[in-house]
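Spelled out, the chains give:
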Amino acid sequence: HVLRFLSRSCCLPVPSEQLFMEMADVMVAEGWRDAGYEFVCIDDCWMAPSRDEHGRLQADPKRFPRGIRKLADYGRAAHRGTGGALSAQVHAKKLKLGIYSDVGNKTCAGFPGSYNHYDLDAQTFASWGVDLLKFDGCNTGTLELLAEGYRHMSLALNKTGRSIVYSCEWPFYLRPMQQPNYTEIKQYCNHWRNFYDVYDSWRSIKSILDWTALHQDSIVKIAGPGGWNDPDMASRITRLVFLSQLVIGNFGLSWDQAVTQMAMWAIMAAPLFMSNDLRHISPEAKWLLQNKEVIAINQDPLGKQGYQITKDKNFELWERPLSGQAYAVAVLNQQEIGGPQNFTFPLTFLGNGLACNPACSIRQVLPASRDWGVYSWVSSLSVEVNPTGTVLLKV
């Protein structure tokens, strides 16, 4: 799966093509692209209020006066040596563009949806050079129309011949009326939303982790290369609204809570979306979001999602199988007051007793990297964790 920066355009001050151009510049100049963040994505409200005379979606002429195709190509002209024209950055800077639409007749914000226009809209997106489609689930009427719309758009995207990542919200809109059929959903979607919007708060992050642990028996087994569980999709911060997952780099999380989000999203093999203003991010948040060891765990080629293996009072122990018979291990302290506490567990807990058999080396990845040395299979590990913090290990 892929990493991406996303922004939403439904509030004041209104994000415009200029914002996306600036973010693309920063992503290249400040090392975000090289760290693996390759998508610049536009969320709801990019459209004009109505389709054009041919029935095609069109961009808001004030926010995107040169159109989506020009934004997608921003970088190609510069690559060819034509200076700073708009058609010069996203693709030529080895970035990709994502866009938003809705399976219903209107988007969640009331703009034209794709209902009865699936094939035309897929062709339009492909002609614009779009690389990712987030397909929302508002205003569909019935669950049957919802499912048919998601299936239809998947087939329509494939028929264009362009490789377009397909991000669905299908299971989220099925619950609680109907249990999602994840096997079917994975046949059509590259990743899918499961839970409510994430906000820039510890309460929101905690609720996502609690939900994931509660439902892990049904969602963990389906995740893998080509199809991923997406814990959350939207975040409201300060003056802008961004569609995303990672709220690190804003103001609602403490440092320990930011470490927890980054560590647990790596354990859950979640697509890494950023919800922040990269032009004004702190050095600490940048270090965390660009941490190569954490990103390597998140992007591990084995593609297995992690899961909670035990819970003891305020502590949770999670593991994720990695390639090369390695494991990522997270020790999460849900306690919200007081000071650091120790959690001790036998290494036989890990990997059904096989992760450290007969011995293993342990390296701490977060909150700071350091080697812990070699441990035997019969050893216990004692981990000190700050309140609402997480220690991420690789075994």
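Right above here is the structure, for reference.
The structure presented is a predicted model; accordingly, all values stated were derived computationally and were not measured.

Q: In this structure, what is going on with the packing of helix α5 (residues 118-128) against helix α6 (residues 143-159)? I would like to understand it.
A: Between two packed helices, what matters for the description is the angle formed by their axes and the separation of those axes. Two elements in contact, α5 and α6, have axes separated by 8 Å at closest approach and are oriented at 40 degrees. Judged on the interaxial angle alone, α6 and α5 are oblique. Note that α5 runs across α6; the crossing there is right-handed. Side by side, α5 and α6 meet where Tyr118, Asp119, Asp121 and Ala122 of the first sit next to Gly149, His152, Met153, Ala156, Leu157 and Lys159 of the second. For the contact of α5 with α6, the class distribution of residues is five nonpolar, two polar and three charged.

Q: Looking at this structure, how should I read the state of the cysteines?
A: Working definition: the covalent bond between the sulfur atoms of two cysteines is a disulfide. Overall, the coordinates contain three disulfides when judged by the stated rule. Paired by a disulfide, Cys168 and Cys189 hold their sulfur atoms 2.1 Å apart. Of note, the bridge from Cys168 to Cys189 carries an S-S torsion of about -90 degrees and is left-handed in sense. Note that Cys168 is positioned in strand β5 (residues 165-168) and Cys189 in the loop between α8 (182-188) and β6 (191-193), a separation of 21 residues in sequence. Exposure remark for Cys168: the relative accessible area of 0% places this residue in the buried category. Accessibility expressed as a relative area gives 2% for Cys189, which makes it buried. The disulfide partner of Cys356 is Cys360, and the S-S distance across this bridge is 1.9 Å.

Q: Sorry if this is basic, but what is going on with the environment of Ser154 here?
A: Within the fold, Ser154 resides in helix α6. Sequence separation of Ser154 and Val165 is eleven residues, and the distance between their C-alpha atoms is 9.7 Å. Apart from the residues lying within four places of it in its own chain, the contact partners of Ser154 are Tyr166 and Tyr188. Of note is the side chain of Ser154, whose polar atom sits 2.9 Å from the backbone oxygen of Tyr188.

Q: Any chance you could explain the packing of helix α9 (residues 202-214) against helix α11 (residues 255-267) here in plain terms?
A: Relative to each other, α9 and α11 sit at 25 degrees, their axes nearing to 11 Å. Classed by the angle they form, the pair α9 and α11 counts as roughly parallel. For the element pair α9 and α11, the recorded crossing hand is left-handed. The segment α9 lies against α11, with Trp202, Ile205, Ile208 and Leu209 engaging Gln257, Thr260, Gln261, Met264 and Trp265.

Q: I'm lost on the pattern of salt bridges in this one. Help?
A: In a structure, side chains of opposite charge can pair up when their charged atoms sit close to one another. If you walk through the whole model with that rule in mind, you get 20 salt bridges. Note that Lys134 and Asp43 form a salt bridge whose closest N and O atoms lie 3.4 Å from each other. Remark: Asp43 occurs in the loop between β2 (37-42) and α3 (67-72) and Lys134 occurs in strand β4 (residues 132-136); sequence separation between them is 91 residues. The same class applies to Lys134 and to Asp43, which are both buried. One salt-bridge network, held together by shared partners, links Asp43, Lys134, Glu169 and Arg193.

Q: What is the right way to look at the pairing of strand β16 (residues 370-376) in this model?
A: The two faces of a sheet get side chains in turn, since along a regular strand they alternate between them. Inspection of the sheet shows strand β15 (residues 359-366) paired to β16 by six bridges, in the antiparallel sense. Bridging from a neighbouring strand, Arg363 pairs with Asp371 of β16. Joining the antiparallel neighbours β15 and β16 is a turn of three residues.

Q: Quick question: what am I supposed to make of the nonpolar core here?
A: Considering soluble globular proteins, one finds that nonpolar side chains tend to be buried as a cluster. Formed by 93 residues in total, the largest nonpolar core has its most connected members in Tyr37 and Trp46. Structurally, this core is a two-domain feature, drawing no fewer than three residues from each of domain 1 (3-299) and domain 2 (307-394).

Q: Got a minute to help me understand empty space enclosed by the protein in this structure?
A: With a probe scaled to a water molecule rolled over the atoms, the places where space remains empty come into view. All told, the structure shown has two cavities of 30 Å³ or more when counted by the stated rule. Of the voids in this model, the largest cavity is the one considered here, and its volume is about 50 Å³. Taken together, Asn194, Trp211, Thr212, Ile219, Asn229, Pro231, Met268 and Gln305 make up the full set of residues lining the largest cavity.

Q: I'm lost on the sheet that holds β15 in this one. Help?
A: The strands making up a sheet associate through hydrogen bonds between their backbones, and the pairing can be parallel or antiparallel. Here we have six strands laid out as an open sheet, ordered β11-β12-β13-β18-β15-β16, and antiparallel in their pairing. Of all strands in the sheet, those bounded by a partner on one side alone are β11 (307-312) and β16. With strand direction ignored, the average angle separating the axes of adjacent strands in the sheet is 25 degrees. The pairing of strand β13 (residues 327-333) with strand β18 (residues 390-394) spans five bridges and is classified as antiparallel. Each bridged residue has a counterpart across the sheet, and for Val329 the counterpart in β18 is Leu393. The strands touched by α9 are β11, β12 (315-321) and β13; relative to β12, the strand with the most contacts, the crossing angle is about 60 degrees.

Q: Which parts of the structure should I look at to understand the pairing of strand β3 (residues 96-102)?
A: In terms of burial, β3 is a largely internal element, six of the seven residues being buried. Taken together, the three bridges between β2 and β3 define a ladder with parallel strand orientation. Looking across to β3, one finds that Cys41 is bridged to Gly98. Here β3 runs beside β4; their pairing, made up of five bridges, is parallel. Residue pairing across strands places Gly98 opposite Leu132, the latter belonging to β4. With respect to chirality, the unit in which β3 leads through α5 into the neighbouring parallel β4 is right-handed.

Parameters and conventions
- Residues numbered from 1 in each chain as written.
- Predicted model: local features only at pLDDT ≥ 70, side-chain atom pairs only at ≥ 80, totals over all residues.
- Heavy atoms only, no water.
- Axes fitted to C-alpha atoms, helices over the stretch in contact; angles between N-to-C directions.
- Helix = DSSP H or I, 4+ residues; strand = E, 2+ residues; numbered from the N terminus.
- Parallel < 35°, antiparallel > 145°, perpendicular 65-115°, else oblique.
- Left-handed = near helix turned anticlockwise from the far one by under 90°.
- Contact = heavy atoms within 4.5 Å.
- Nonpolar A, V, L, I, M, F, W, Y, C, P; charged D, E, K, R; others polar.
- Disulfide = S-S within 2.5 Å.
- Buried < 20%, exposed > 50% of the residue type's maximum accessible area, 1.4 Å probe, protein only.
- Polar contact = N/O pair within 3.5 Å; in protein donor to acceptor, adjacent residues only side chain to side chain.
- Salt bridge = Lys/Arg side-chain N within 4 Å of Asp/Glu carboxyl O.
- Pairing = 2+ DSSP bridges.
- Core = buried A, V, L, I, M, F, W, Y, C linked by side-chain atoms within 4.5 Å.
- Domains from an automatic or database assignment.
- 1 Å grid on protein atoms, 1.4 Å probe; cavity = no way out; pocket = protein on both sides within 12 Å on 5 of 7 lines; lining within 4 Å.
- Points joined across faces, edges and corners; volume = space filled by probe spheres on them.
- Right-handed = clockwise from strand over helix to strand, strands pointing away.

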